[in-house]
Amino acid sequence: VRQIVRGGGKVTHILKIKVSRHVSAEIADRIQTAIYNHIANVSIKNIVNGKPITVTWTPAEAAYPTYYHCNSVCFNDVGVHQHTKVLLRQLVDRLDADFDYGFSNGTLGFALLVSKPLGRKVNLMYNDIRLLP
């Protein structure tokens, strides 16, 4: 994500996939790969508060599908967060049978964490400020 921003690209939101800690690394990888297969570079349209919102999550690295980013300048933070809540429910419904209904019975779990990228920090020193006479 940092490289995209430094290269002049726009990133409005970051999505992190967090799999519950009590599963094996193999199961965690399977869950992350299944989520990747459903959301990576796919325009996902959900209805949020009666309005259609489309978000496309782009993986940061294909080899490690844990972080994604999007450029949803048309929608505010609340819209993207609500869209992600709907997406979470959809993913659980779609993946539950593939994982022996572990999400329904509480033996498996994952979270979708949405955050905003930090802006660049600029340090100003007293000498940088020209005072008017």
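None of the values given here were measured: they were computed from a predicted structure. (Residues numbered from 1 in each chain as written. Predicted model: local features only at pLDDT ≥ 70, side-chain atom pairs only at ≥ 80, totals over all residues. Heavy atoms only, no water.)

Caption draft 1: Just the packing of aromatic side chains, in detail. The tally for this structure, following the rule as stated, stands at 2 aromatic pairs. Ring geometry for Phe 99 against Phe 103: centres 5.7 Å apart, planes inclined by 65°, an arrangement best described as edge-to-face. For Phe 99, a relative accessible area of 8% corresponds to the buried category. When its relative accessible area of 11% is taken as the criterion, Phe 103 is described as buried. Each ring, one from Phe 103 and one from Phe 110, has its centre 5.3 Å from the other, and the planes form 85°; the classification is edge-to-face. (Phe/Tyr/Trp six-rings, centres within 6.5 Å; stacked < 30°, edge-to-face > 60°. Buried < 20%, exposed > 50% of the residue type's maximum accessible area, 1.4 Å probe, protein only.)

Caption draft 2: Expanded view of the sheet that holds strand β5 (residues 67-70). Taken in spatial order, the 4 strands line up as β4-β5-β1-β6 in an open sheet, and their pairing is antiparallel. Each of the sheet's edge strands pairs with one partner strand only, and the pair in question is β4 (58-59) and β6 (110-115). With respect to the sheet, helix α2 (residues 25-39) is in contact with β1 (13-19), β4, β5 and β6, its orientation differing from that of β1 by roughly 145°. Of the strands in this sheet, β1 and β6 are in contact with helix α3 (residues 77-95), which crosses β6 at around 165°. (Pairing = 2+ DSSP bridges. Helix = DSSP H or I, 4+ residues; strand = E, 2+ residues; numbered from the N terminus. Contact = heavy atoms within 4.5 Å. Axes fitted to C-alpha atoms, helices over the stretch in contact; angles between N-to-C directions.)

Caption draft 3: How the structure looks around the nonpolar core. The biggest cluster of nonpolar side chains holds 28 residues, and the ones touching the most others in it are Leu 15, Ile 35, Ile 39, Trp 57, Phe 103 and Phe 110. Contributions of two or more residues to this core are made by β1, α2, β2 (43-48), β3 (51-56), β5, α3 and β6. Phe 110 has contacts with Lys 18, Val 19, Ser 20, Ile 31, Ile 35, Leu 88, Leu 91, Val 92 and Phe 103, leaving out every residue within four places of it along the chain. (Core = buried A, V, L, I, M, F, W, Y, C linked by side-chain atoms within 4.5 Å.)

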